[in-house]
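Residue-level structure breakdown
The chain contents come next:
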Amino acid sequence: MPITPATATNSPSSGAAEPILLELVDEDGVTIGTAEKLAAHQPPGRLHRAFSVFLFDERGRLLIQQRALGKYHSPGVWSNTCCGHPYPGEAPFAAAARRTFEELGVSPSLLAEAGTVRYNHPDPASGLVEQEYNHLFVGMVQSPPRPDPQEVASTAFVTPAELAERHAEDAFSAWFPTVLDAARPAVRELTGPSAGW
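Residues numbered from 1 in each chain as written. Predicted model: local features only at pLDDT ≥ 70, side-chain atom pairs only at ≥ 80, totals over all residues. Heavy atoms only, no water.

**Notes on unusual backbone geometry**
The amide bond that connects proline 43 to the next residue, proline 44, takes the cis arrangement and shows omega of 5 degrees. With respect to the element layout, proline 44 can be found in the loop between α1 (37-40) and β5 (48-56). (Helix = DSSP H or I, 4+ residues; strand = E, 2+ residues; numbered from the N terminus.)

**With respect to the environment of leucine 104**
Within the secondary structure, leucine 104 sits in helix α2 (residues 92-104). Note on leucine 104: relative accessible area 0%, which makes it buried. Those residues in contact with leucine 104, other than ones at most four positions away along the chain, are Leu63, Thr81, Arg99, Pro145, Arg146, Pro147, Val152 and Thr155. (Buried < 20%, exposed > 50% of the residue type's maximum accessible area, 1.4 Å probe, protein only. Contact = heavy atoms within 4.5 Å.)

**Quick word on the UniProt feature "binding site: Mg(2+)" (unreviewed entry) in the protein**
As annotated by UniProt and renumbered to match this structure, "binding site: Mg(2+)" (unreviewed entry) occupies Glu103. The residue glutamate 103 is located in helix α2 in this model. What makes glutamate 103 buried here is its relative accessible area of 1%. (UniProt positions renumbered as here; feature names shortened; annotations may be inferred.)

**Thoughts on the UniProt feature "active site" (unreviewed entry) in the protein**
When the UniProt feature table is mapped onto this chain, "active site" (unreviewed entry) is found at Cys83 and Glu132. In summary, the annotated positions, though distributed over 50 residues, converge in three dimensions, the widest C-alpha pair being only 11.5 Å. With respect to the element layout, cysteine 83 can be found in strand β8 (residues 82-84). Counting through the fold element by element, glutamate 132 comes out in strand β10 (residues 129-140). The class of glutamate 132 is buried, set by a relative accessible area of 0%. Here histidine 48 takes part through its side chain, which lies 2.9 Å from a polar atom of the side chain of glutamate 132. (Polar contact = N/O pair within 3.5 Å; in protein donor to acceptor, adjacent residues only side chain to side chain.)

**Things to note about the pairing of β5**
The element β5 is largely enclosed, with a buried count of nine among its nine residues. The side-chain alternation of β5 yields two buried faces, one formed by His48, Ala50, Ser52, Phe54 and Phe56 and the other by Arg49, Phe51, Val53 and Leu55. Both β5 and β10 contribute to a ladder of nine bridges, which runs parallel. Paired with valine 53 across the two strands is phenylalanine 137, which belongs to β10. (Pairing = 2+ DSSP bridges.)

**Details of α2**
Taking 1.5 Å as the rise per residue, α2 with 13 residues should run 18 Å; its terminal C-alpha atoms sit 18 Å apart, in good agreement. Taken as a whole, α2 has its buried residues at Pro92, Ala95, Ala96, Arg98, Arg99, Thr100, Glu103 and Leu104. (Expected span 1.5 Å × (residues − 1).)

**Focus: the pattern of salt bridges**
Scanning the model with the defined rule gives 10 salt bridges in all. Linking glutamate 90 and arginine 98 is a salt bridge whose minimum nitrogen-to-oxygen distance equals 2.9 Å. Of the two residues, glutamate 90 and arginine 98, neither departs from the other in class, the shared state being buried. Here arginine 99 makes a salt bridge to glutamate 103, at a shortest N to O gap of 3.5 Å. Linking arginine 99 with glutamate 103, this pair stays in helix α2, spanning four residues, or about one helical turn. (Salt bridge = Lys/Arg side-chain N within 4 Å of Asp/Glu carboxyl O.)

**Regarding a negative patch on the surface**
A cluster of acidic residues, Glu162, Glu165, Glu169 and Asp170, forms a negative patch on the protein surface. Secondary-structure assignment places aspartate 170 in the loop between α3 (160-169) and α4 (176-191). The class for aspartate 170 is partly exposed, based on a relative accessible area of 32%. (Patch = residues over 30% accessible without salt bridge, like charges linked within 9 Å, V, L, I, M, F, W, Y side chains within 5 Å. Areas by Shrake-Rupley, 256 points an atom, 1.4 Å probe, with all protein chains shown as cover. Lys, Arg positive; Asp, Glu negative; His and termini not counted. Charge placed at Lys NZ, Arg CZ, Asp CG, Glu CD.)

**Section: the nonpolar core**
Phe54, Leu62, Ile64 and Leu163 are the most contacted members of the largest nonpolar core, which has 24 residues in total. Of all elements in the fold, only β5, β6 (62-67), β9 (110-122), β10, β11 (152-158) and α4 reach the threshold of two or more residues within this core. For this core, the leading source of residues is α4, giving six residues. Setting aside residues up to four positions removed in sequence, leucine 163 forms contacts with Leu62, Ile64, Val158, Phe172, Phe176, Leu180 and Trp197. Formed by 13 residues, the second largest nonpolar core is a distinct cluster that contains Phe51, Ala96, Val106 and Val152. (Core = buried A, V, L, I, M, F, W, Y, C linked by side-chain atoms within 4.5 Å.)

Here it is in structure tokens:
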């Protein structure tokens, strides 16, 4: 799930913009190479490694974010707490923790693996394709978000009922239902039966 512009900031060593590379994988999640980020999302898409994070407060409410309007992919839509791509060779767990802090200004007080899911979601608005082998993480957050406005337009903590209401009224990312459904067993284990997930 794209989270940054198609190129990285200037490299301190060369002064030139360096392309952001994604890790290409096979159907079993085994690394088979790399590809430039935007190229990997051009139709029909190339299967690459990604991650999705679901953080909850002490009341069992899910932290969701509205993607910044300046993003080239799925701008302005709501989605899970954080999502993105590990750098080639970077562990998905480390990438998930890193990006959560970079986007939202919070470090999870707990973060646990919640399985993987593979999907193919075209985005009609941009024409880009999400072909992803996605590592799922669930956890807890105990401090208020301080989002980077270049990445996140807004945030909200929602109960399952509030999420359903918002989902009926607002645009959400194409991948959101898929990753939430895949993470639900771990979410229920984390939040307990009273939270309703």
